[in-house]
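Listed below, chain by chain, are the residues.
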Amino acid sequence: EAGVAQSPRYKIIEKRQSVAFWCNPISGHATLYWYQQILGQGPKLLIQFQNNGVVDDSQLPKDRFSAERLKGVDSTLKIQPAKLEDSAVYLCASSLIGTGQETQYFGPGTRLLVL
Amino acid sequence: TQLLEQSPQFLSIQEGENLTVYCNSSSVFSSLQWYRQEPGEGPVLLVTVVTGGEVKKLKRLTFQFGDARKDSSLHITAAQPGDTGLYLCAGASAGTASKLTFGTGTRLQVTL
């Protein structure tokens, strides 16, 4: 079974530029998560989708970050404009239903460096 | 905001030694998970504990959930170089059943 796919794996941009990340979850998984992991810290949930609806985006900086999950499958996360403090690994994860006791399957992440 | 503090932050030990990693919070969690993350990869689930006082074993790894469901520990017996990685605890609260709050992480290095 294929895992969670993310692209690109690495991205270097200058501050104030825009960037987009793509995630393809495991087939059949209803719930999709985007996390931000700053170096040396644990992942922080940015947004959670249940199918194509948003369940939780309380920690998403909505003035610059946006995310969508069209057709309840693939998802994109966009940053516009980027700031230096956005340098981090952006992890996508998916789970079958969306309960706290479920296994979340993570992709390899996109490492973003903002100069 | 719920916080999960892990200790120690860093641990460097030799092969064969034992170690314990702690995950503490002032909040109660309905379940707690432990993940291991290797460089350049996403976290991988090791175990889920749901009952206060629960103990689970996974080969040389022993996980315990505190009686009050506010803390957890991970004990590794006879560590091996393959155990090297970032260990993360993550809690799910009763109010937001599907949202995980991750701990600060413990970076473990096991050398020969």
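Residues numbered from 1 in each chain as written. Chains lettered and ligands numbered in written order. Predicted model: local features only at pLDDT ≥ 70, side-chain atom pairs only at ≥ 80, totals over all residues. Heavy atoms only, no water.

A. Structural view of the overall build of chain A. The helix and strand tally for chain A stands at zero helices and 11 strands. Taken from the N to the C terminus, the helices and strands of chain A come in the order β-β-β-β-β-β-β-β-β-β-β. The globule rule puts the C-alpha radius of gyration for 115 residues at 13 Å, and the 13 Å found for chain A is close to it. Expressed along its principal axes, the backbone C-alpha trace of chain A runs to roughly 35 × 25 × 25 Å. (Helix = DSSP H or I, 4+ residues; strand = E, 2+ residues; numbered from the N terminus. Rg over C-alpha atoms; globule rule 2.2 N^0.38 Å.)

B. Inspection of unusual backbone geometry at higher detail. All names here are of chain A. The amide bond that connects Gln80 to the next residue, Pro81, takes the cis arrangement and shows omega of -5°. With respect to the helices and strands, Pro81 occurs in the loop between strand E8 (75-79) and strand E9 (88-95). Phi at Arg16 is positive, roughly 80°, even though this residue is not glycine. Of note, Arg16 is situated in the loop between strand E2 (10-13) and strand E3 (19-24).

C. Representation of the interface of chain B and chain A. The interface is formed by 21 residues belonging to chain B together with 25 residues belonging to chain A. Taking both sides of the interface into account, the surface hidden between chain B and chain A amounts to around 1,600 Å²; carbon and sulfur atoms contribute 48%. Across the chain B-chain A interface, the total number found is one salt bridge. Between Lys99 of chain B and Asp56 of chain A there is a salt bridge; the shortest N-O distance is 3.7 Å. Between chain B and chain A we count four residue pairs in polar contact (both at pLDDT 80 or more) in total. (Contact = heavy atoms within 4.5 Å. Buried area = accessible area lost by both parts, 1.4 Å probe. Salt bridge = Lys/Arg side-chain N within 4 Å of Asp/Glu carboxyl O. Polar contact = N/O pair within 3.5 Å; in protein donor to acceptor, adjacent residues only side chain to side chain.)

D. The arrangement of the sheet that holds E8 of chain A in detail. Residue and element names in this part refer to chain A. Strand order in this open sheet of four strands is E1-E3-E8-E7, and the pairing throughout is antiparallel. Both edges of this open sheet fall to strand E1 (5-7) and strand E7 (65-68), since each of them pairs with a single strand only. Ignoring strand direction, the axes of neighbouring strands in this sheet form an average angle of 15°. Relative to E8, E3 runs antiparallel, the two sharing five bridges. From the neighbouring strand, Ala20 faces E8, where its bridge partner is Lys78. (Pairing = 2+ DSSP bridges. Axes fitted to C-alpha atoms, helices over the stretch in contact; angles between N-to-C directions.)

E. Inspection of the pairing of strand E9 (residues 85-92) of chain B at higher detail. All names here are of chain B. Buried residues dominate E9, accounting for eight of its eight residues. Of the pairings in the sheet, the one linking strand E4 (residues 31-37) to E9 comprises seven bridges and is antiparallel in character. Residue Arg36 lies in a different strand from E9, and its bridge partner there is Tyr87. In terms of strand pairing, E9 meets strand E11 (residues 106-111) through three bridges, oriented antiparallel. (Buried < 20%, exposed > 50% of the residue type's maximum accessible area, 1.4 Å probe, protein only.)

F. Representation of the sheet that holds strand E3 (residues 19-24) of chain B in the model. All names here are of chain B. Spatially, five strands are ordered E1-E3-E8-E7-E6 in an open sheet, and the strand pairing comes out antiparallel. Looking at which strands have only one partner, the edges of the open sheet turn out to be strand E1 (5-7) and strand E6 (55-58). With strand direction ignored, the average angle separating the axes of adjacent strands in the sheet is 15°. Here E3 runs beside strand E8 (residues 71-76); their pairing, made up of six bridges, is antiparallel.

G. Seen up close, the environment of Lys78 of chain A. Residue and element names in this part refer to chain A. Mapped onto the fold, Lys78 is located in strand E8. For Lys78 and Phe21, which are 57 residues apart along the polypeptide, the C-alpha to C-alpha distance reads 6.4 Å. For Lys78, the residues in contact, after removing those within four places along its chain, are Val19, Ala20, Arg64, Phe65 and Ser66.

H. Main features of the state of the cysteines. Within the structure shown, the criterion is met by two disulfides over all chains. With its sulfur 1.9 Å from that of its partner, Cys23 of chain A forms a disulfide with Cys92 of chain A. The disulfide joining Cys23 of chain A to Cys92 of chain A has a torsion of about -70° about its S-S bond and is therefore left-handed. Linking Cys23 of chain A in strand E3 with Cys92 of chain A in strand E9, this pair joins segments that are 69 residues apart in sequence. Comparing Cys23 of chain A with Cys92 of chain A shows no difference in burial state: the two are buried. Covalent S-S linkage joins Cys23 of chain B and Cys89 of chain B, the inter-sulfur distance amounting to 2.1 Å. The sign of the S-S torsion, about 80°, decides the handedness of the disulfide formed by Cys23 of chain B and Cys89 of chain B: right-handed. (Disulfide = S-S within 2.5 Å.)

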